[in-house]
Amino acid sequence: MMARLAIVCAAVLVSAASVAAQARGPRATRFVDSLVARMTLDEKLGQLTQVPGRWGDTGPTVPEGGQEEIRRGQVGSFLGVFGAGYTRRMQEIALQSRLKIPLLFAHDVIHGFRTIFPVSIAEAASWDPEAVERSARIAAIEATAAGLHWTFAPMVDIARDARWGRIVEGAGEDPYLGSIMAAARVRGFQGTDLSASNTMLATAKHFVAYGAAEGGRDYNIADVPEVTLRDIYLPPFHAAVDAGARSVMASFNEVAGVPVHASERLIDGVLRAEWGWNGLLVSDWTGVLELVPHGVAADSAAAGVLALRAGVDVDMVSRIYLNKLSPLVRSGRVAMRDVDAAVRRVLHAKYELGLFTDPYRYSDTTRERQTLLAADHRAAARELARKAIVLLKNEGRTLPLAKSLGTIAVIGSLATDGRSTNGNWTAAGRPEEAVTVLDGIRRAVPSSRVVYARGADSATADTSGFAEAVRVAREADAVVLVVGEHQEQSAEANNRAFIGLPGAQEGLVRAVRATGKPVVVVLMSGRPLAIASFADSVPAIMNAWYLGTEMGNAVADVLFGDANPSGKLPVTMARTAGQMPLYYNHKNTGRPPVVDQKYTSKYIDVPWTPLYPFGHGLSYTTFTYRNLRLSAPTMRPGDTLVVSVDVTNTGDRAGDEVVQLYIRDEVGTLTRPVKELRGFRRLTLQPGETQSVSFPLGAKDLAFHDSALDLVIEPGFFRVYVGTSSERVEEARFELVDARRCTKRVLPRAVPRFTWPVKGRAGGVTCR
Ligand code: BGC
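Q: Talk me through empty space enclosed by the protein; I want residue IDs and the actual numbers.
A: Following the criterion strictly, the structure yields 7 cavities of 30 Å³ or more and no others. Its boundaries defined by the atoms lining it, the largest cavity holds a volume of some 100 Å³. Taken together, 13 residues line the largest cavity, and the ones lying closest to its centre are Gln47, Ile70, Gly73, Ser97 and Ile101.

Right, here's the structure in full:
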């Protein structure tokens, strides 16, 4: 045990240290220090100021008066301003400022820049970190060619409540999958060398517990126990930081009564001191100013003081640092060393990006022309889009559809909606460049007759299109019914109290189903919708999310069997919003639900179970799991236990399976989840082929935070589950034998003003 946890800890320190060394080499430090020494207070506050661009006829530009502000050194960075030629012109102006400090251009490049990839929740549904890394890499290649240096991605918030609109932007409900996706995206955006002209700063956001918004209402408080914060919400941030993320964004919400933008404990404490992270902390949009309505600052100046003191380096949009802090620094209420620390982090980022060597290296019109929407980018987007589709149901092998069908009816407004095809946060993506589902189907089956009816849209109760929809359905041999949410029914501030099909679409499903034709439902949405009202009555359902530029092609690939679906749900699909929050890794309670026992934890009007569980997703072939075995019946804390299983493709076509490994700690000093994902593997199996898959389990996989907030592993029995979803699993059991209870304690490094008490010795492991 001691060896194992010591190794885990050392690895964390080494990776943080190497990132630190890269960022803070002696040359960089000398350069930055000499620059800081020459800066006036106003120039310093300018570097901490991020100004939003505005969208005009010629694209995104700096706002009115912005060019003068650049010349005066009052802006450190812009957000939402890009374009190779334009950013070059703005850098030229920055070089006319007294100290000639180049600008940073930032933007939300979330799932592609011009070539749009699947929305983040869909990418997570691929359970394919290499493909997700490539998606982020391509996004960075395109975005940097257009002058961008900094993306506000990845969003790594865990979301357990599908009412929350921003569930679309993250990797779902699980901290393990979320951590793997977070690291993959960071690697993709940042590459291995930040000074290369096609890599950019990645931002892990929104730190932290933003997805725990009470009631699923965006910006609401996160009422999260500290152990849950550490076991569920913090791990993807830690993974992003370990992967080298150079930037983190504070979240709008409060945690335990303290808005994160004012939380010294979380920013300077957990992030910087405990984790040894030294990157750039950016506020969210007006997040500094919002400390006033939160009720922890009496006015904007006080808000600025709190945020800077907590460790927020860059003030996005509020302009409070620039406009209010100067007299407070002069009067001593704000320490100059805090200002300097923040300025240093901004300048170090600019240095790392190579901007002091060549401020124009990212603004390359030729590269911009050549890379945006390049053929290989589109091909990668199509490939990932196919993998992101989750086949929820396929009764009687309704799918794949035969390409020889005479007439196919495509019904639903989303089938032709280019904006929703791309999803939200589309950077420079264009709806007219997206292949819609209708386009994709038409291309895939040129010899079939494809008839289309709008039927209903997702925003209104208008049923006037039903008759036409029923008419085309009757003419057809099969119906592809495209329903769900349009892209503004999920994402920021788009929370829903009811998460079924919006508008008149449920009625449309009923009307079309009544024709008796084979109906395939294609769901487009940014959240797991509650579809219990019709799921039983249609034979096939695929969850297609918003898949981006190549959506229509990818959906057609799967519909007609050119691709075999392999996506798995990264979230639980509830029956109704009333079950929220619903997630697979819940606690057992003292009265776990039992069907015919009233006084157990359930509802009287709906089953407690999900409609489709976390990890669920079907294929056109079938897989069987056999021979689950453990390398030993017992494990000592320092051991690696190997869990193996044989997976066979028992169907008649090749397919990918995502093999999932879960554990359960049977008895703990704190209650433990009924299942926790601890491994997965994507396999390609030919018909009849068997592969043996092995997962190593080590101490870190069994660890959790106890009530003293120590990371512990405790002796006793563990169950191991391996299977095709969180519910369809094989089961084994082992015992962790070491009579002692082992703890890894972390002491923060010395950080000025850091006061939050954390016990123990750095990296130390104790067993008792
Ligand atoms: C969102 C962030 C985003 C920022 C800048 C905010 O409203 O919460 O996720 O990065 O805007 O666009």
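Having seen it, we continue.
Q: Got a sec to walk through the side chain of Ser251? Specific residues and values, please.
A: Of note, Ser251 is situated in the loop between strand S8 (247-250) and strand S9 (254-255). On the accessibility criterion, Ser251 (0% relative accessible area) is buried. Within the local environment of Ser251, its side chain forms a polar contact with the side chain of Asn253, the two groups lying 2.7 Å apart.

Q: Which residues make up the domain arrangement of the protein chain, and what values go with them?
A: As far as domains go, the protein chain holds domain 1 (16-368), domain 2 (389-579) and domain 3 (623-767). Contact residues are listed per partner, giving 36 residues for domain 1 and 35 residues for domain 2. Taken together, both faces of the contact between domain 1 and domain 2 bury some 2700 Å²; the carbon and sulfur share is 57%. On the domain 1 side of the interface with domain 2, the three residues burying the most area are Arg114, Ile116 and Arg163, jointly 23% of the side's total. The tally of links from domain 1 across to domain 2 stands at 2 salt bridges. Glu492 is the salt-bridge partner of Arg166, the closest N and O atoms lying 3.5 Å from each other. Of the residues forming the side of domain 1 that touches domain 2, the biggest block, 4 residues, is contributed by helix H6 (residues 120-125). Classifying every residue of the side of domain 1 that touches domain 2 by side-chain character gives 20 nonpolar, 7 polar and 9 charged.

Q: Lay out the nonpolar core in plain terms, naming residues and giving numbers.
A: Residues Phe113 and Phe207 are the most contacted members of the largest nonpolar core, which totals 109 residues. It is helix H13 (residues 300-310) that provides the largest number of residues to this core, a total of 7 residues. Beyond its immediate stretch of four places on either side in the chain, Phe113 contacts Phe82, Ala139, Glu142, Ala143, Ala146, Leu148, Leu372, Thr426, Ala427, Ala428 and Gly429. Among the nonpolar cores identified, the runner-up in size contains 91 residues, and Leu405, Leu501, Leu508 and Leu547 belong to it.

Q: How would you explain the packing of aromatic side chains if you had to name every residue and give the values?
A: In the structure shown here, the tally under the stated rule is 17 aromatic pairs. On the numbers, 5.5 Å between centres and 55° between planes, the contact of Trp127 with Phe614 is tilted. On the criterion of sequence distance, the pair formed by Trp127 in the loop between H6 and helix H7 (129-145) and Phe614 in the loop between helix H23 (551-559) and strand S19 (623-630) is long-range, its members being 487 residues apart. You can call Trp127 buried: its relative accessible area is 1%. Taking relative accessible area as the criterion, Phe614 reaches 0% and is therefore assigned buried. An aromatic cluster of at least three residues, connected via ring pairs, comprises Trp127, Tyr176, Tyr584, Phe614, Tyr662 and Phe680. For Arg160, the ring lying beneath its charged end belongs to Tyr583, and the centroid distance is 3.6 Å. Of note, Arg672 hangs over the ring of Phe704, and the distance from its end group to the ring centre comes to 3.9 Å.

Q: Just give me the short version of the pairing of strand S13 (residues 390-394), but keep the residues and values in it.
A: Most of S13 is tucked away: 5 of the 5 residues are buried. Relative to strand S18 (residues 540-543), S13 runs antiparallel, the two sharing 4 bridges. Counterpart to Val390 in the pairing with S18 is Asn543.

Q: Can you lay out the sheet that holds strand S6 (residues 150-151) for me, pointing to particular residues and giving the numbers?
A: Spatially, 5 strands are ordered S6-S5-S4-S1-S12 in an open sheet, and the strand pairing comes out parallel. Each of the sheet's edge strands pairs with one partner strand only, and the pair in question is S6 and strand S12 (315-316). Sheet topology note: the strand S1 (residues 49-52)/S12 ladder contains 2 bridges and is parallel. Bridge pairing in S12 links Thr49 to Asp315.

Q: Could you give an account of the packing of H13 against helix H14 (residues 320-330), naming the residues involved and the relevant values?
A: Two numbers describe how H13 lies on H14: the axes approach to 9 Å, and their chain directions differ by 90°. As the angle between them shows, H13 and H14 are arranged roughly perpendicular. Residues Ser300, Ala301, Gly304, Val305, Ala307 and Leu308 of H13 pack against Ile320, Tyr321, Lys324, Leu325 and Leu328 of H14. Partitioned by chemical class, the residues of the contact of H13 with H14 number 8 nonpolar, 2 polar and 1 charged.

Q: An account of the packing of helix H17 (residues 375-388) against H23 is needed here, citing residue identities and associated values.
A: Closest axis-to-axis distance for the H17/H23 pair is 8 Å, and the angle between their directions is 50°. The angle between the axes of H17 and H23 places the two elements in the oblique class. You can see that H17 and H23 cross each other, and the crossing is right-handed. Of the residues in H23, those touching H17 at Arg382, Ala385 and Arg386 are Asn553, Ala554, Asp557 and Val558. Each residue belonging to the contact of H17 with H23 can be placed in one class, and the counts come to 3 nonpolar, 1 polar and 3 charged.

Each value, and the rule that gives it
- Residues numbered from 1 in each chain as written.
- Predicted model: local features only at pLDDT ≥ 70, side-chain atom pairs only at ≥ 80, totals over all residues.
- Heavy atoms only, no water.
- 1 Å grid on protein atoms, 1.4 Å probe; cavity = no way out; pocket = protein on both sides within 12 Å on 5 of 7 lines; lining within 4 Å.
- Points joined across faces, edges and corners; volume = space filled by probe spheres on them.
- Helix = DSSP H or I, 4+ residues; strand = E, 2+ residues; numbered from the N terminus.
- Buried < 20%, exposed > 50% of the residue type's maximum accessible area, 1.4 Å probe, protein only.
- Polar contact = N/O pair within 3.5 Å; in protein donor to acceptor, adjacent residues only side chain to side chain.
- Domains from an automatic or database assignment.
- Contact = heavy atoms within 4.5 Å.
- Buried area = accessible area lost by both parts, 1.4 Å probe.
- Salt bridge = Lys/Arg side-chain N within 4 Å of Asp/Glu carboxyl O.
- Nonpolar A, V, L, I, M, F, W, Y, C, P; charged D, E, K, R; others polar.
- Core = buried A, V, L, I, M, F, W, Y, C linked by side-chain atoms within 4.5 Å.
- Phe/Tyr/Trp six-rings, centres within 6.5 Å; stacked < 30°, edge-to-face > 60°.
- Lys NZ or Arg CZ within 6 Å of the ring centre and 35° of its normal.
- Pairing = 2+ DSSP bridges.
- Axes fitted to C-alpha atoms, helices over the stretch in contact; angles between N-to-C directions.
- Parallel < 35°, antiparallel > 145°, perpendicular 65-115°, else oblique.
- Left-handed = near helix turned anticlockwise from the far one by under 90°.

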